[in-house]
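Here is how the chains run, residue by residue.
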Amino acid sequence: MQVLRICALAVGGLALAFGWGLAQPSYTVCPQGPPTCPFKKIAEAIQAAEPGGTITIGPGTYSERLLIDKSLTLRGAGRTVTTLRARSEDFAITVRGTAHVTIEGIRISGPKDEFFDIKAIQVTDQARLFLYSALLERGKLGIFVEGEAIAKIYNAVINEYLDTAVTARGKAQLTVGYSVLRKNGRNFALYMSAQGLIEENEIIGGLIEFSGDAQVTLQSNRLTFAPPVQYEKSQLRLLNSETRLYSNQFFFYKIDVFGITQLVIKDNRIEGEGVSFYDASSGIVVSNEIVKAKWGIFVRSSGSFAIERNFIGMNDGRGIELGRAQAVVRNNRVWGNNNDGIMLFGNAQLEIMGNHINDNQGWGIATLTDTCYDLRELKDYPDEDLFQGVVTGSDNILQNNKKGDLCGVPESLKKP
């Protein structure tokens, strides 16, 4: 009995030491305040809460600004019933310092008639934010991550931000998954060495920009234009970034690549708009379907390219248009385009091997020369675009191209 009593005392001591079995402080917020619940303001509950605590926010609308510099969980009753109303030019929520904060089940919204300067959430310093099942709508900026902060956003809906829905800069790290973004001026802006993983989202209209050494992966997203928004406002714009596009669906969503961007694009379906490279950008383009677009792949870049195992067909313009680059074009199917299969211009250095190029309405493979084209009809190409490069290769199967299979390139490209 004495041993059992000593054990019981020991366990009781551990319980006191670690808080086992003890009633935890209640940090509950509701619009009525006491005595219905301990707090009427979320900010009051944040101030009172111990680090690691959970603040439960009841249904209702709360008009206040929150500064969070301790590790907490804010749990709303659901993103359709718990609303934080932002009303100033400051962010509705700022997470700072080294705080680790979880926010779930809330809505952050600006007033319908005065939302032009509203900002939703800022994550700065070395703070970390996990945002889950939230609705952010109507404002200037949605989520802004900077410094060495980390933000992970899942199952969110982010709508109607005039400037940018989600921004990351500096050394910030951003993950956005299983969310919906629509009717935003820009959906994402990542720059200044920010790192991002954007996966399994529905992105409807708006611009996406990665620049300034940002490193970003877009994976398994669906990107579409938003009627009645014009197509040119639905664009992925890459400038001096390292970007990887894996297994996405692009529907009338332009992909434009500038500067010294290095792009890997693999296993995507691209429809409605093509892929364009400029300046000194480079690309690895592998195993994509580029179909029913205005064009397939357009390159006016001095970079290096590998274009392999793609299906490029039924486009309004050319399947592949290459100028100034060093490129390997291998084992693609270029079929049924409303212009040439492949056109080469400028001082491109190319190896073309093992492709199936057939049933295009123009040439199969041609160079921009007066032998192949009436140059008066190609006003968009300056004189320096006349082909003066080098083409090598073999084992290409060319059939049924309306103007002919080859023009201005060696006959050895064609498999006998």
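What you see is a predicted model; the values in this text were computed from it and never measured.

Draft legend 1. Main features of the overall build of the chain. For the chain, the helix and strand inventory stands at two helices and 44 strands. Over its C-alpha trace the chain gives a radius of gyration of 28 Å, far above what one expects of a compact globule, namely 22 Å for 416 residues. Taken over the C-alpha atoms alone, the chain extends approximately 100 × 60 × 30 Å along its principal axes. Looking at the chain as a whole, 53% of its 416 residues are labelled buried. In the chain, of all internal contacts separated by at least 6 residues, the share reaching a separation of at least 24 is 37%. Of the roughly 18500 Å² of accessible surface on the chain, a fraction of 50% belongs to carbon and sulfur atoms. Each charge class in the chain was averaged separately, 43 positive and 45 negative side chains, and the resulting centres sit 6 Å apart.

Draft legend 2. Structural detail: the pairing of strand β5 (residues 72–76). The element β5 is extensively covered by neighbouring structure, given that four of its five residues are classed as buried. The sheet contact formed by β5 and strand β8 (residues 100–104) spans four bridges and is parallel. Considered in β8, the bridge of R75 is made with E104.

Draft legend 3. Structural view of the packing of aromatic side chains. This model, assessed by the stated rule, comprises 13 aromatic pairs. Aromatic pair F345 and Y381: ring centres 5.8 Å apart, planes at 70 degrees, arrangement edge-to-face. Of this pair, F345 sits in strand β38 (residues 342–345) while Y381 sits in the loop between β41 (363–367) and β42 (390–394); the two residues are 36 residues apart in sequence, bridging distant segments of the chain. We note that F345, like Y381, is buried.

Draft legend 4. Main features of the pattern of salt bridges. Tallying each qualifying case throughout the model produces 23 salt bridges. Between R186 and E209 there is a salt bridge, with the nearest N and O atoms lying 2.7 Å from each other. Of the two residues, R186 is situated in strand β17 (residues 186–190) and E209 in strand β20 (residues 207–211); the sequence distance between them amounts to 23 residues. Residues participating in the shared-partner salt-bridge network are D163, R186, E209 and R237.

Draft legend 5. Fine view of the side chain of T243. Within the element layout of this structure, T243 appears in strand β24 (residues 242–246). For T243, the side chain forms a polar contact with the side chain of S241, separated by 3.0 Å. Apart from the residues lying within four places of it in its own chain, the contact partners of T243 are F210, V216, L238, Q262, L263 and V264.

Draft legend 6. Seen up close, the pairing of strand β27 (residues 262–266). With burial as the criterion, only one face of β27 is covered, namely that bearing L263 and I265; the residues Q262, V264 and K266 on the opposite face remain uncovered. Sheet analysis places β24 next to β27, joined by five bridges and oriented parallel. Note that in β27 the partner of Y246 across the bridge is K266. Both β27 and strand β30 (residues 282–286) contribute to a ladder of five bridges, which runs parallel. Note on β30: the bridge partner recorded for L263 is G283.

Draft legend 7. Here's a closer look at the state of the cysteines. Scanning the entire structure with this criterion turns up two disulfides. Residue pairing for C30: its cysteine sulfur links by disulfide to C37, the two sulfurs lying 2.1 Å apart. Given an S-S torsion of about -100 degrees, the disulfide between C30 and C37 has left-handed geometry. Comparing C30 with C37, the two get one shared label, buried. There is a disulfide in this structure between C372 and C407, and the S-S distance comes to 2.1 Å. Here the S-S torsion is close to -105 degrees, and the disulfide linking C372 with C407 is therefore left-handed. Remark: C407 occurs in strand β44 (residues 404–407) and C372 occurs in the loop between β41 and β42; sequence separation between them is 35 residues.

Rules behind the numbers
Residues numbered from 1 in each chain as written. Predicted model: local features only at pLDDT ≥ 70, side-chain atom pairs only at ≥ 80, totals over all residues. Heavy atoms only, no water. Helix = DSSP H or I, 4+ residues; strand = E, 2+ residues; numbered from the N terminus. Rg over C-alpha atoms; globule rule 2.2 N^0.38 Å. Buried < 20%, exposed > 50% of the residue type's maximum accessible area, 1.4 Å probe, protein only. Contact = heavy atoms within 4.5 Å. Areas by Shrake-Rupley, 256 points an atom, 1.4 Å probe, with all protein chains shown as cover. Lys, Arg positive; Asp, Glu negative; His and termini not counted. Charge placed at Lys NZ, Arg CZ, Asp CG, Glu CD. Pairing = 2+ DSSP bridges. Phe/Tyr/Trp six-rings, centres within 6.5 Å; stacked < 30°, edge-to-face > 60°. Salt bridge = Lys/Arg side-chain N within 4 Å of Asp/Glu carboxyl O. Polar contact = N/O pair within 3.5 Å; in protein donor to acceptor, adjacent residues only side chain to side chain. Disulfide = S-S within 2.5 Å.

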